[in-house]
Amino acid sequence: MMLESMRAGEEAKIKGGEDAVAWVKKELCIGCDQCTIVCDDNAIELYDTPLASPIMQVEVNRKARILRDDCTGCKLCVLGCPTDAIIMIDR
Ligand code: SF4
Ligand code: SF4
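This text gives an overview of the structure that appears in the document.

**Remarks on the overall build of the protein**
And then number 1: Broken down by element type, the protein carries 3 helices and 4 strands.
And then number 2: Looking at the 91 residues of the protein, the share that counts as buried comes to 16%.
And then number 3: The long-range fraction of contacts in the protein, counting pairs at least 24 apart against all pairs at least 6 apart in sequence, stands at 70%.

In structure tokens, the structure reads:
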């Protein structure tokens, strides 16, 4: 309950709507796919990118990118991203 009201307060502070569009801060994105699941408008896609760290035993990582034309500014992805990698910017 408290978490919900905190979330609502948080959401109110984030700009949204038709004048806003989501933007992924690449360096924070871990390719977890949560944003594509919450986006109702198919406005996010993941792409492969070479993994920067040689410590991890995987060769590619994934990153999200916003398809600007399809983004409605609903902010759902901002709230769903576990690493705060998505922000809303002016269109
Ligand atoms: S939810 Fe966040 S961390 Fe996960 S893929 Fe989307 S932008 Fe990247
Ligand atoms: S703001 Fe809404 S429409 Fe735009 S990418 Fe995020 S979830 Fe999709």
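Picking up after the structure, the text goes on.
**Overview of the environment of I66**
And then number 1: The residue I66 is located in strand β3 (residues 60–66) in this model.
And then number 2: A residue is classified by how many C-beta atoms lie within 10 Å of it, and I66, with 19 of them, is partly exposed.
And then number 3: Between the C-alpha atoms of I66 and L46, which are 20 residues apart in sequence, the distance is 8.9 Å.
And then number 4: Ignoring any residue separated from it by four or fewer positions in sequence, one finds I66 in contact with V21, A22, W23, V24, A43, I44 and C71.

**Description of the site of ligand 2**
And then number 1: Near ligand 2 you find 14 residues, and of these C39, A43, C71, C74 and C77 are the closest.
And then number 2: Here the shell around ligand 2 is composed, by residue class, of 10 nonpolar, 2 polar and 2 charged.

**A short note on unusual backbone geometry**
And then number 1: Backbone geometry places K75, a non-glycine residue, at a positive phi of 75°.
And then number 2: Turning to its location among the elements, K75 is positioned in the loop between β3 and α3 (76–80).

**Observations concerning the nonpolar core**
And then number 1: A22, C35, I44, C77, V78, C81 and I86 are the most contacted members of the largest nonpolar core, which has 15 residues in total.
And then number 2: At the level of elements, β1 (20–24), α3 and β4 (86–90) are the ones that each hand at least two residues to this core.
And then number 3: Contact partners of C35, with chain neighbours within four places excluded, come to I44, A64, C77, G80, C81 and I86.

Cut-offs and rules
- Residues numbered from 1 in each chain as written.
- Chains lettered and ligands numbered in written order.
- Predicted model: local features only at pLDDT ≥ 70, side-chain atom pairs only at ≥ 80, totals over all residues.
- Helix = DSSP H or I, 4+ residues; strand = E, 2+ residues; numbered from the N terminus.
- Buried ≥ 20, exposed ≤ 12 C-beta atoms within 10 Å, placed from the backbone.
- Contact = placed C-beta atoms within 7 Å.
- Near = placed C-beta within 6 Å.
- Nonpolar A, V, L, I, M, F, W, Y, C, P; charged D, E, K, R; others polar.
- Core = buried A, V, L, I, M, F, W, Y, C linked by C-beta atoms within 7 Å.

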